[in-house]
Amino acid sequence: MDTTTDKPLSMDVMEIMDMIPHRYPFLLVDRITEYVPGKYSKGYKNLTANEMFFNGHFPGNPVMPGVLQIEAMAQTAAPILLSLDQYKGKLALFAAVDKVRFKNIVRPGDRLEMEAYMTKIKGPIAKCDARAYVDGKLCVEAEITIALK
C-alpha cells in the first residue's frame with residue numbers, strides 16, 4: 001500500500017481480512033474499490049439469500065438489519081485509518097454512531113455500495129460521514145466515531 005500519495009488504492013477480500021479481524025458471518029464488506037489513506041474509502045457487499053441474518057429478519061420478508069448496515073459501513077471505513085503508518089496493526093472499534101437515518105430497505109440480491117469520508121482525526125479517535133446505496137438510492141447514512149486500540 002502506498003500511503004504517500006493521493007492516488008486511490010483498492011483491496012480485495014483477502015487484504016481486507018489482513019487489516020480487520022472480522023470473518024464470516026460478520027465480515028460485511030467484499031471489496032474496497034477505492035480508498036485514499038486518511039481521506040475516504042468506498043466498497044461494497046453483495047448480499048445473497050444465504051446470509052444468516054435473512055433467516056430471522058424477517059421470515060418471508062427478508063431485510064438486512066440496520067445495525068449490520070452500519071457495521072458494514074464501519075468496516076468499509078477501516079482502511080482510511082488502518083492504512084496510515086501510525087495506525088497499522090491497530091483495532092478499530094465503534095466509539096459512537098450519530099445522525100443515523102435509514103432511507104430504504106436492503107434485500108437479498110442487492111449490492112450495498114458504501115462510502116465513508118473522514119471528517120476529523122484527533123489522536124486515536126476519528127469521525128467519518130458514511131452512506132450506503134443500492135442501485136444509486138440512499139439506504140442509510142450515519143456519522144461514525146472510531147476509536148483505535
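Keep in mind the model is a prediction, meaning the values are calculated, not measured.

A. Broad picture of the packing of aromatic side chains. Within the structure shown, the criterion is met by 2 aromatic pairs. Between Y40 and Y117, the ring centres sit 5.8 Å apart and the planes meet at 25°, which makes this aromatic pair stacked. Here the residue Y40 occupies a position in strand β3 (residues 40-46), and Y117 occupies one in strand β5 (residues 111-122), the gap between them amounting to 77 residues. Taking the relative accessible area as the measure of exposure, Y40 reaches 15% and is therefore buried. The ring of Y44 carries R111 above its face, with NZ or CZ at 3.5 Å from the centroid.

B. Highlighting the sheet that holds strand β6 (residues 125-134). A sheet is described by the order of its strands in space; here 7 strands give the open sequence β1-β2-β3-β5-β6-β7-β4, paired in antiparallel fashion. Looking at the sheet topology across the chains shown, the edges are occupied by β1 (9-11) and β4 (92-102). Taking each pair of neighbouring strands and ignoring which way they run, the sheet shows an average axis angle of 20°. Of the strand pairs in this sheet, β3 and β5 are connected by 7 bridges, and their pairing is antiparallel.

C. Region of the structure containing the side chain of S41. With respect to the helices and strands, S41 occurs in strand β3. Not counting chain neighbours up to four residues away, the residues in contact with S41 comprise I32, E34, Y35, T76, A77, P79, I80, M114, E115 and A116.

D. Just the pattern of salt bridges, in detail. Taken as a whole and assessed by the stated rule, the structure comprises 7 salt bridges. In this structure, the salt-bridge partner of K45 is E51, at a minimum N-O distance of 3.7 Å. Note on accessibility: K45 and E51 belong to one class, buried. For D85, the salt bridge is made with K88, and the minimal N-O distance between the two is 3.2 Å. Residues joined in a network through salt bridges with shared partners are D30, K45 and E51.

E. Inspection of the nonpolar core at higher detail. M64, M73, L112 and I144 are the most contacted members of the largest nonpolar core, which has 42 residues in total. Among the secondary structure elements, those contributing two or more residues to this core are β1, α1 (13-19), β2 (31-36), α2 (66-82), β5, β6 and β7 (137-148). If one sorts the elements of this core by residue count, α2 sits on top with 10 residues. Those residues in contact with M64 that sit more than four places away from it in its chain are L47, F53, F54, H57, Q69, V106 and L112.

Thresholds, definitions, all that
- Residues numbered from 1 in each chain as written.
- Predicted model: local features only at pLDDT ≥ 70, side-chain atom pairs only at ≥ 80, totals over all residues.
- Heavy atoms only, no water.
- Phe/Tyr/Trp six-rings, centres within 6.5 Å; stacked < 30°, edge-to-face > 60°.
- Helix = DSSP H or I, 4+ residues; strand = E, 2+ residues; numbered from the N terminus.
- Buried < 20%, exposed > 50% of the residue type's maximum accessible area, 1.4 Å probe, protein only.
- Lys NZ or Arg CZ within 6 Å of the ring centre and 35° of its normal.
- Pairing = 2+ DSSP bridges.
- Axes fitted to C-alpha atoms, helices over the stretch in contact; angles between N-to-C directions.
- Contact = heavy atoms within 4.5 Å.
- Salt bridge = Lys/Arg side-chain N within 4 Å of Asp/Glu carboxyl O.
- Core = buried A, V, L, I, M, F, W, Y, C linked by side-chain atoms within 4.5 Å.

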